[in-house]
Amino acid sequence: MASFPPFVNENDIATSQSIGDLINRATPFDKKYGCENWTVAFAPDGSFFAWSQGHRIVKLVPWAQCLNNFAVDVDQNIINSGNPKLSRQNSDGGQKMKPCEHTIDCGDLVWSLAFGSSVPEKQSRCVNIEWHRFKFGQDQLLLATGLNNGRIKIWDVYTGKLLLNLMDHTEVVRDLTFAPDGSLILVSASRDKTLRVWDLKDDGNMMKVLRGHQNWVYCSAFSPDSSILCSVGAGKAVFLWDMDKYVMIRKLEGHYNDVVACEFSPDGALLATASYDTRVCVWDPYTGCSLLEFGHLFPAPSPIFAGGANGTWVRSVAFSHDGVHIASLADDNLLRFWRIDKNHPVEVVSLSKGLCCAFSTDGSVLAAGTQDGNVHFWATPKYVASLQHLCRMSIRRVMTTGQVKKLPLPPKMMEFLSYQII
């Protein structure tokens, strides 16, 4: 079996440009704690990068410092270290110095990370908001860490100070995601088969438990407008939730094995899911239709073979800010860059024992973590998106598929706007 379709010459696929690496320094902790880097994350404003080094440790590094250390001549639009008009504050309202590096001992193995930023206009959903332990400033930046013991710890990124310790899960917290609207609503996905919704502006009050998964929940992701949540897990599960009513909207069916990662496109019109069945599927979240499939093993395995130990489990998927590129990591020791208008990778690079990946805030760099606790960085393939695609993204940011189909447009334009024609 091959890693590429038969019509593709492997030698014609470009190799991704390496930017740099962050190497895990061995730490003499108890042997029961592994060194795997299960998660990497970029701050929403591009100011920080975080990764789980293994051995209970999370490293927080200013992203601009990372790029300078890599000694790469990168255009300044890669570095967005925050709006200079906004003062950096901690949870007590005090002024902070410029971003600095922190090493955080979380006390247990770290499985998940997520950055959350506060928008003052977004009020807590709690009825009684007269008193809160924390008053988040205009430029508040938090880091949530999900641990092996089921706890979630919330840290002040600028100081490294522990703010909250959330306890309700009974198993590993496998994934964390903040609502992108600045409300500091946090969703945690756990091996206890539940998703839990927390309101950090209400001192970490747990608002809701989302039940429906029959097995482990591996990952969850918000749509860009925070209205929809996707959760994926063992048993081929892909669920979509209405985050205003906290009810399940639909189940997406089509994978043959555990689904372990998911992410929405920047306009919210597409949803990418990665599965152990050797495939990344791209869906329309509003209709549940499968639009694209990116295979990692050829010829495509039968559902029975794909549902087992096929040697090409896809571990992670990430959607770039340009809405065109998708990155995936698989057990065949390859990291692939895809374009939604191509049915084969446009760039590949060898990466042994990759576990997770994430694009930088502006999509120009991809970070990937490995089982040895290291992080490797590559430049996203250079590509100038068409004016048609940019217009489509602008429209889809504010319109669902159903709303688009009600427009008085020619059929071909309708198909283009609904991504049936890429």
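Residues numbered from 1 in each chain as written. Predicted model: local features only at pLDDT ≥ 70, side-chain atom pairs only at ≥ 80, totals over all residues. Heavy atoms only, no water.

Visitor: Would you explain the overall build of the chain in this entry?
Guide: The helix and strand tally for the chain stands at 5 helices and 29 strands. The buried share of the chain, reckoned over its 422 residues, is 57%. Excluding contacts between residues fewer than 6 apart, the proportion of contacts in the chain whose partners are at least 24 apart in sequence is 55%. Total accessible area on the chain is roughly 18100 Å²; 50% of this is exposed by carbon and sulfur atoms. (Helix = DSSP H or I, 4+ residues; strand = E, 2+ residues; numbered from the N terminus. Buried < 20%, exposed > 50% of the residue type's maximum accessible area, 1.4 Å probe, protein only. Contact = heavy atoms within 4.5 Å. Areas by Shrake-Rupley, 256 points an atom, 1.4 Å probe, with all protein chains shown as cover.)

Visitor: What's the story with the pattern of salt bridges in this structure? I'm lost.
Guide: Where side chains of opposite charge bring their charged atoms close, a pairing between them can arise. For the structure on display, the rule yields 9 salt bridges. Here R56 makes a salt bridge to D105, at a shortest N to O gap of 2.7 Å. With R56 in the loop between strand 4 (48-54) and strand 5 (57-62) and D105 in strand 6 (residues 102-105), the pair connects residues that are 49 residues apart, well separated along the chain. What makes R56 buried here is its relative accessible area of 18%. Residue D105 is classed as partly exposed on the basis of its relative accessible area of 36%. Where E101 meets K59, a salt bridge forms, and the shortest distance between an N and an O atom there is 3.0 Å. (Salt bridge = Lys/Arg side-chain N within 4 Å of Asp/Glu carboxyl O.)

Visitor: It is not clear to me how the packing of aromatic side chains should be interpreted in this structure. Could you clarify?
Guide: Within a pair of aromatic rings, the relevant descriptors are the distance that separates the centres and the angle that separates the planes. Counted by the stated rule, this structure contains 15 aromatic pairs. Relative to W51, the ring of F49 has its centre 5.9 Å away and its plane inclined at 25°; by these criteria the two rings are stacked. The cationic tip of R191 hangs over the ring face of W216; the distance from NZ or CZ to the ring centre is 4.0 Å. The positively charged end of R392 is found above the aromatic ring belonging to Y419, 4.0 Å away from the centroid. (Phe/Tyr/Trp six-rings, centres within 6.5 Å; stacked < 30°, edge-to-face > 60°. Lys NZ or Arg CZ within 6 Å of the ring centre and 35° of its normal.)

Visitor: Looking at this model, I keep getting lost on helix 1 (residues 63-70). Mind explaining?
Guide: Side chains three or four residues apart in an α-helix point the same way, a direct result of the helix having 3.6 residues per turn. Of all the residues in helix 1, the buried ones are W63, C66, L67 and F70. Projected onto a plane normal to the axis of helix 1, the buried residues spread over an arc of 95° and lie on a single side. Exposed side of helix 1, more than 90 degrees from the buried face: N68 and N69 are the residues found there. Packed against the buried residues of helix 1 are strand 2 (18-22), strand 3 (40-42), strand 4, strand 5, strand 28 (365-370) and strand 29 (375-379). (Arc of directions from axis to C-beta.)

Visitor: So what exactly am I meant to see when it comes to the confidence of the model for the chain here?
Guide: As a general rule, the predicted coordinates of low-pLDDT regions are not to be interpreted in detail. The pLDDT averaged across the chain works out to 89; a share of 87% of its residues lies at or above 70. A low-confidence stretch, residues 72-89 stays under pLDDT 50, and its non-local contacts, those more than four residues away or across chains, total 39 contacts. (pLDDT = per-residue confidence, 0-100.)

Visitor: Where do I start with the side chain of D175 in this structure?
Guide: Take D175: it is sitting in strand 11 (residues 173-178). There is no salt bridge for the buried D175, and the closest opposite charge comes from R174, which lies 6.1 Å off by N-O distance. In terms of polar contacts, D175 uses its side chain to reach the backbone amide nitrogen of S220, at 3.0 Å. Excluding residues that lie within four positions of it along the chain, D175 makes contacts with S112, V187, S188, A189, Y218, C219 and S220. (Lys, Arg positive; Asp, Glu negative; His and termini not counted. Polar contact = N/O pair within 3.5 Å; in protein donor to acceptor, adjacent residues only side chain to side chain.)

Visitor: Looking at this model, I keep getting lost on the pairing of strand 18 (residues 247-251). Mind explaining?
Guide: Note on strand geometry: in a regular strand, side chains alternate between the two faces of the sheet. Sheet topology places strand 17 (residues 237-242) next to strand 18; 4 bridges connect them, and they run antiparallel. Across the sheet, W241 pairs through a bridge with M248, a residue of strand 18. Where strand 17 hands over to strand 18, the hairpin turn is made up of 4 residues, of which Y246 adopts a positive phi near 55°. (Pairing = 2+ DSSP bridges.)

Visitor: I'm lost on the pairing of strand 11 in this one. Help?
Guide: For strand 11, a buried count of 6 out of 6 residues is recorded, marking the element as mostly surrounded by other parts of the structure. Of the strand pairs in this sheet, strand 11 and strand 12 (residues 185-190) are connected by 5 bridges, and their pairing is antiparallel. Bridge pairing links V173 to S190 in strand 12. Counting the residues between successive antiparallel strands, the hairpin from strand 11 to strand 12 contains 6 residues, one of them, G182, with a positive phi of roughly 80°.

Visitor: Before we go on, may I ask you to explain the sheet that holds strand 6 in this structure?
Guide: Strands belonging to one sheet form pairs held by backbone hydrogen bonds; the direction of such a pair is parallel or antiparallel. Pairing in this open sheet of 4 strands is antiparallel, and the strands run 3-4-5-6 from one edge to the other. Looking at strand neighbours, the two that pair on one side only are strand 3 and strand 6, the edges of this open sheet. On average, each strand axis in the sheet is tilted by 15° relative to the strand beside it, whichever way the strands run. Here strand 3 runs beside strand 4; their pairing, made up of 3 bridges, is antiparallel. Paired with A41 across the strands is A50, a residue of strand 4. Packed on one face of the sheet, helix 1 meets strand 3, strand 4 and strand 5 and runs near 80° to strand 5. (Axes fitted to C-alpha atoms, helices over the stretch in contact; angles between N-to-C directions.)

Visitor: How do you make sense of the sheet that holds strand 16 (residues 228-233) when you look at a structure like this?
Guide: With antiparallel pairing, 4 strands are arranged side by side in an open sheet as 15-16-17-18. Each edge of the open sheet carries a strand with a single partner, namely strand 15 (217-222) and strand 18. The average undirected angle you get between the axes of adjacent strands in this sheet is 25°.

Visitor: Got a minute to help me understand unusual backbone geometry in this structure?
Guide: Along the chain, F298 connects to P299 via a cis peptide bond; the corresponding omega equals -5°. In this fold, P299 is placed in the loop between strand 22 (290-295) and helix 2 (303-306). Notably, K236 is not glycine yet its phi reads approximately 65°, a positive angle. Considering the arrangement of structural elements, one finds K236 in the loop between strand 16 and strand 17.

Visitor: Help me out: how do you make sense of helix 3 (residues 387-396) in this one?
Guide: Burial in helix 3 covers these residues: H389, R392, M393 and R396. All buried residues of helix 3 project into a common sector of 100° when viewed along the axis, lining one side. Residues of helix 3 that are buried in the fold lie against helix 4 (401-405) and helix 5 (411-417).

Visitor: Help me out: how do you make sense of the state of the cysteines in this one?
Guide: Put plainly, a disulfide is one covalent bond tying together the sulfur atoms of two cysteines. Under the counting rule described, the total for this entry stands at 0 disulfides. Between C357, a free cysteine, and C356, which holds the nearest cysteine sulfur, the sulfur-to-sulfur gap is 7.3 Å. Using a relative accessible area of 9% as the deciding quantity, one classes C357 as buried. (Disulfide = S-S within 2.5 Å.)

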